[in-house]
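# Observations on the three-dimensional arrangement
Here are the chains, one letter per residue:
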Amino acid sequence: MATILVVEDEKPINDLITMNLKLVGHSFFKAFSGTEVPPILERENIDLILLDVMLPGLDGFELMRRIRSLNIPVIFITAKDSLADRITGFELGADDYIIKPFEILEMLARINVVLRRNAREQSALIIDDVEIRPLERQVFKLGRAVELTAKEFELLEVLIQNRNIALSREKLLELAWGYDYEGETRTVDVHIRQLRKKLGWEERIKTIFKLGYRLEAPGEP
Amino acid sequence: MRFWQKTLLVVLILFIVTLDASVIMMMHKSWQLNMEREIQRSSNEQALIANNIYDNLNSIKSRGMTVNDDVLFDVARSYADYYLKQGISLQLWDREQLVYDGALAAEKRKGLEEHHVHEIVTSGELPAPYQELKLVYKRNIEELYTSQKELNRYFVYVNATAGPILACLLYVLIRQLTKPLRQLSRTTQTIADGNYNERVALKKNDEFGELAQNFNQMAEAVGRHVTELSAMAEEKQRIVDNLAHELRTPLTSMQGFAQYLNSAQISEEERITASGHIWSETLRLKNLAFKLLDLSVLRHQSVERIRISVDELFQSVRQMEREKLEQAGMTLVLHNAIESVWGDPDLLASFLVNCIDNAIHASAEGSEIRLSAYELDSAAVLEVRDYGKGMSERQAQRAFEPFYRADMARSREHGGAGLGLAICKQIAEAHQASLSLESRENEGTCIRIYFTTP
């Protein structure tokens, strides 16, 4: 998965973001002020920056101007939701703009969109004896291709992107089928059963009481 | 139609009409006078000629000759010939019968040239005993008419030339006179476009100069108000932005960590971190809520003032701050030169505690903070002074603004909401006391409250 730099001066929020990134298998670096960022960028190979706008020392917009030439995708995270600020953010070349308070799942989804757009998430993912190749939309078990329907694959992707986080049936419907899908949550159960059977993941995809489903996989890739 | 066009047209028309009317009247008068003179002259001459003819006839009679038509004809002709050279023709009538017609004779001589000529005709009888004879005197005044015509032509010519010249001169003059108007108009346009720094550069002592001066004063007042308003709007916007930030930040982490605890597969250590953050952020929100409530209460409630012993006030403040001071390794030095102040003891203690908290956050370990009370220009003064890192002029200017933090990162570490000095300001206002803040970077800050009303 990707390496993400989180620039946020509020320690609780910085912790919140990085703990969730860790859950779904991203590696991360933390920075609490703008001035800490350039040295990290020099030293490390960063795939994405999550950047707060109101930072002590060097604010997010100013920092963005300085690191623009590096062409690293940037998502602004800020409490400022005025249109002017958002426009400034996008004009500076930000890939997305997340406004506090945000939902963790929303943040993860946006991170995935930006990573995919920038083709940084390329490599195949191996969990147990299952290999998932997102670009080719193919899944192999023990080297043999597994036939998945389009919806099953999308559901699998959502589970992997949000692994170790319990997702409600409604959330899964929204993420895998789309906001405007008017199906029943039973559909999700049917597809989950299919995935478990085809991949032999009865233990990996857990049913969480009162919540939904959770793909449990080691956090580190 | 533009003002200068109107003025030009009106003045031009007025001028030409007045000029022409007077010229025409003068010409008319002169014509009348000329005419009268000619008539007078004609009648005089006619009388003279009539007398001469009478004398002649008398002398002819005295020589014993009879006066018949031939004699009359000869006499008349001799006169007529003489006067014809002066453009005067004579006729002599005997009762209703024409005896001699000088004009006819002249026409005969000259041939038939002009029939319609202007002439003055005067007729009169000769003195008795020749009263049946009548002398008609015709004086040619064609010259008078010619000169009048000439004058008329000249008048038209002068009009035709003077009109355009006058128009040109008027144009230049009026444009010059209305220049300040255009200048004013241009400036108002610029100001209307939002450039409130524009002024009219008009140094004149007339009405326009006065107008320009008043206008400049008005523009300055408007500019000042607009600046004030926009500064106020900016401050309001900043406060709203900051409040949003202060609310959203803890809410984001509380929501996020709650969700994390609820749905993620995590270790015990992570659970403790997450719940710890929720706890501390809840406290932060609580703190913010109470501070905001304080502010709002202060704004809407009048303060009951009683006499407070300064010694007691200082001791209670020291008591409240003891723990924080010990933790930070700082000492509070008290110096009291007055006995009492009038005010609400709780609010004044809260004021001092807020100021001392700020002083603690700004100072380094081991430094001292002075709390003093003294009298200055008949006002009681309470003063909190630290020797910490101070603020820049710009930071000091905004220090009393709600949510403003001179040092964002540090202040939050201490759990401050950025409302301390805003509350201090409200407390001072509730006591009708004035506040002053002196600060120099790396030298320290001094806050004073002046109780001017006893």
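Residues numbered from 1 in each chain as written. Chains lettered and ligands numbered in written order. Predicted model: local features only at pLDDT ≥ 70, side-chain atom pairs only at ≥ 80, totals over all residues. Heavy atoms only, no water.

## Looking at the overall build of chain B
When helices and strands are tallied, chain B shows twelve helices and eleven strands. Across the 454 residues in chain B, those meeting the buried criterion constitute 37%. For chain B, contacts bridging at least 24 residues in sequence account for 66% of all contacts bridging at least 6. Total accessible area computed for chain B in this model is approximately 27600 Å², and 55% of it derives from carbon and sulfur atoms. (Helix = DSSP H or I, 4+ residues; strand = E, 2+ residues; numbered from the N terminus. Buried < 20%, exposed > 50% of the residue type's maximum accessible area, 1.4 Å probe, protein only. Contact = heavy atoms within 4.5 Å. Areas by Shrake-Rupley, 256 points an atom, 1.4 Å probe, with all protein chains shown as cover.)

## What to know about the pattern of salt bridges
Pairing between side chains becomes possible if they bear opposite charge and their charged atoms approach one another. Residues and elements named next belong to chain A. Under the criterion given, the structure shown has 38 salt bridges over all chains. In this structure, Arg117 engages Asp95 in a salt bridge whose closest nitrogen and oxygen atoms are separated by 3.4 Å. One end of the pair, Arg117, is in helix H5 (residues 104-117); the other, Asp95, is in the loop between helix H4 (83-91) and strand E5 (96-99), and 22 residues separate them in sequence. Exposure remark for Asp95: the relative accessible area of 18% places this residue in the buried category. As a salt-bridge pair, Glu154 and Arg137 come within 3.4 Å of each other at their nearest N and O atoms. Of the two residues, Glu154 sits in helix H6 (residues 150-161) while Arg137 sits in the loop between strand E7 (130-133) and strand E8 (138-141), which places them 17 residues apart along the sequence. (Salt bridge = Lys/Arg side-chain N within 4 Å of Asp/Glu carboxyl O.)

## Considering the sheet that holds strand E9 (residues 144-146) of chain A
Residues and elements named next belong to chain A. One open sheet holds the four strands; their spatial order is E6-E7-E8-E9, and the pairing between them is antiparallel. Only two strands of the sheet have a single partner each, and these edge strands are strand E6 (125-127) and E9. Across the sheet, the axes of successive neighbouring strands diverge by a mean angle of 30°, strand direction being ignored. Here E6 runs beside E7; their pairing, made up of three bridges, is antiparallel. Residue pairing for E7: Leu125 is matched across the bridge by Ile132. The strands touched by H6 within the sheet are E6, E7 and E8, with E7 carrying the most contacts at an inclination of about 100°. This element, helix H8 (residues 185-199), spans E7, E8 and E9 of the sheet and lies at about 45° to E8. (Pairing = 2+ DSSP bridges. Axes fitted to C-alpha atoms, helices over the stretch in contact; angles between N-to-C directions.)

## Quick notes on the confidence of the model for chain A
Mean pLDDT for chain A: 86, with 96% of residues reaching 70 or above. The secondary structure element of chain A with the lowest average pLDDT is E6(A), at 79, and the one with the highest is strand E1 (residues 3-7) of chain A, at 94. (pLDDT = per-residue confidence, 0-100.)

## Focus on the interface of chain B and chain A
Taken together, the 25 residues of chain B in the interface contact 29 residues of chain A. Roughly 2400 Å² is buried in total at the junction of chain B and chain A, and carbon and sulfur atoms are behind 60% of that figure. When the buried area of chain B at its contact with chain A is split by residue, B:Arg248, B:Thr252 and B:Gln265 rank highest and sum to 24% of it. The interface formed by chain B and chain A holds two salt bridges in total. A salt bridge links B:Arg284 to A:Glu10, with the shortest nitrogen-to-oxygen separation between them at 2.9 Å. (Buried area = accessible area lost by both parts, 1.4 Å probe.)

## Points about the sheet that holds strand E8 (residues 368-376) of chain B
Backbone hydrogen bonds hold the strands of a sheet together, and the pairing may be parallel or antiparallel. Residue and element names in this part refer to chain B. An order of E6-E8-E9-E11-E10 is seen for the five strands of this open sheet, with the pairing classed as mixed. Taken across any chain shown, the strands that pair with only one partner, and hence form the sheet edges, are strand E6 (331-336) and strand E10 (434-440). Going across the sheet, the axis of each strand differs from the next one's by a mean of 15°, ignoring polarity. Across seven bridges, the pairing between E10 and strand E11 (residues 444-451) is antiparallel. In the sheet register, Glu438 faces E11, and the bridge partner there is Cys446. Sitting on the sheet, helix H8 (residues 310-328) touches E6, E8 and strand E9 (379-386), and the angle it makes with E6 is about 175°.

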